[in-house]
Amino acid sequence: MHRLTALLLMLFLQSVQAAKAQDPRLAGRLDSVTRAQVEEVLATAAGRGLPAEPLVQKALEGASKGAPGPRIVAAVEALQVDLSRAQQGLGPKASADELVAGAAAIRAGATLQMVDRIRRTRGDGGVAVPLAVFADLVAGGMTVDAAWHSVSELAQKGGDEEQFLDLRERLRPGGASP
């Protein structure tokens, strides 16, 4: 009897998780096969404590660009992997914004150790802005090492969000000199 109850509970929880993974915005924008595959990624992400919204946005972006279904699914899966890696570096209590910024930093070349170091350095100061600034600097042409040095130095000095944004403006190509 206990086995039957446990099985029914497990099936119920799986159906609840699947329902949470469904997003009505996907229904009108993705074909049924692509939607089902994206919703499977969303369910997996939910089970790992990852935010669904960035994954949904990635799928919608692909649909807006007319990308084929397999390419949309691959992009959503890749983002889920990056969010998982960011969560490894930032911990299970990281906010959705921090995970998205961490994923962008990792894609830009940050290591898990770098992400963890920023988290530890910032304490309760939040890491979304410093990590986003790092990713922006690398995307703007700065080397990973130079961008990391600039961002981590400011983090160690206790820089606030405004100071990180100023740093980004100063170090961008065509920005004010440092």
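To start, this report covers the structure provided alongside it. (Residues numbered from 1 in each chain as written. Predicted model: local features only at pLDDT ≥ 70, side-chain atom pairs only at ≥ 80, totals over all residues. Heavy atoms only, no water.)

**Some words on the packing of helix α8 (residues 128-139) against helix α10 (residues 161-171)**
The angle between the axes and the distance between the axes are what describe a pair of packed helices. Condition: Axis definition: a line fitted to C-alpha atoms, over the contacting stretch in the case of helices. Angles run 0 to 180 degrees between N-to-C directions. Helix and strand assignments follow DSSP, with helices taken as H or I runs no shorter than four residues and strands as E runs no shorter than two, numbered in order from the N terminus. Just so you know how the angles are binned, under 35 degrees is roughly parallel, over 145 roughly antiparallel, 65 to 115 roughly perpendicular, and the rest oblique. Any pair of residues with heavy atoms lying within 4.5 Å of one another is described as a contacting pair. In this count, Pro and Cys sit with the nonpolar residues alongside Ala, Val, Leu, Ile, Met, Phe, Trp and Tyr, while Asp, Glu, Lys and Arg are called charged and the others, Gly among them, polar.
Interaxial distance between α8 and α10 falls to 9 Å at its minimum, and their mutual angle equals 5°. Relative to α10, α8 is oriented roughly parallel. Packed against α8, whose contacting residues are Val129, Pro130, Val133, Asp136 and Leu137, the element α10 presents Glu161, Phe164, Leu165, Leu167, Arg168 and Leu171 at the interface. Residue composition of the contact of α8 with α10, by class: eight nonpolar, no polar and three charged.

**Topic: the pattern of salt bridges**
We apply this condition: Here, a salt bridge means any Lys or Arg side-chain nitrogen found within 4 Å of an Asp or Glu carboxyl oxygen. Throughout this description, buried means an accessible area under 20% of the type-specific maximum (1.4 Å probe, protein chains only), exposed means over 50%, and partly exposed covers the range between.
Applying the stated criterion across every chain yields a total of twelve salt bridges. Put simply, Arg25 and Glu53 hold a salt bridge, and the shortest N to O gap is 2.7 Å. Taken together, the residues Arg25 in helix α2 (residues 24-27) and Glu53 in helix α4 (residues 53-64) connect sequence positions 28 residues apart. Here Arg119 and Asp116 are joined by a salt bridge, their closest N and O atoms 2.4 Å apart. Residue Arg119 and its partner Asp116 are both found in helix α7 (residues 112-122); the two are separated by three residues, about one turn of the helix. Looking at Arg119, the relative accessible area reads 31%, which means it is partly exposed. If you follow the salt bridges from partner to partner, you end up with Asp136, Arg168, Glu169 and Arg172 in one network.

**Some details on the nonpolar core**
The following threshold applies: Nonpolar core, defined: a set of buried Ala, Val, Leu, Ile, Met, Phe, Trp, Tyr and Cys residues in which side-chain atoms within 4.5 Å join the residues together. Either an automatic procedure or a domain database provided the assignment from which the domain bounds are taken.
Counting residues in hydrophobic clusters, the biggest one holds 46 residues, and the most contacted among them are Leu26, Val38, Leu131, Phe134 and Val151. Looking at this core, the elements with two or more residues in it are α3 (32-47), α4, α5 (69-90), α6 (96-108), α7, α8, α9 (144-156) and α10. Broken down by element, the residue count for this core peaks at eight residues, all from α8. Counting only domains with at least three residues in this core, you end up with domain 1 (26-90) and domain 2 (95-173). For Val38, the residues in contact, after removing those within four places along its chain, are Leu26, Leu30, Ala59, Ile72, Val73 and Val76.

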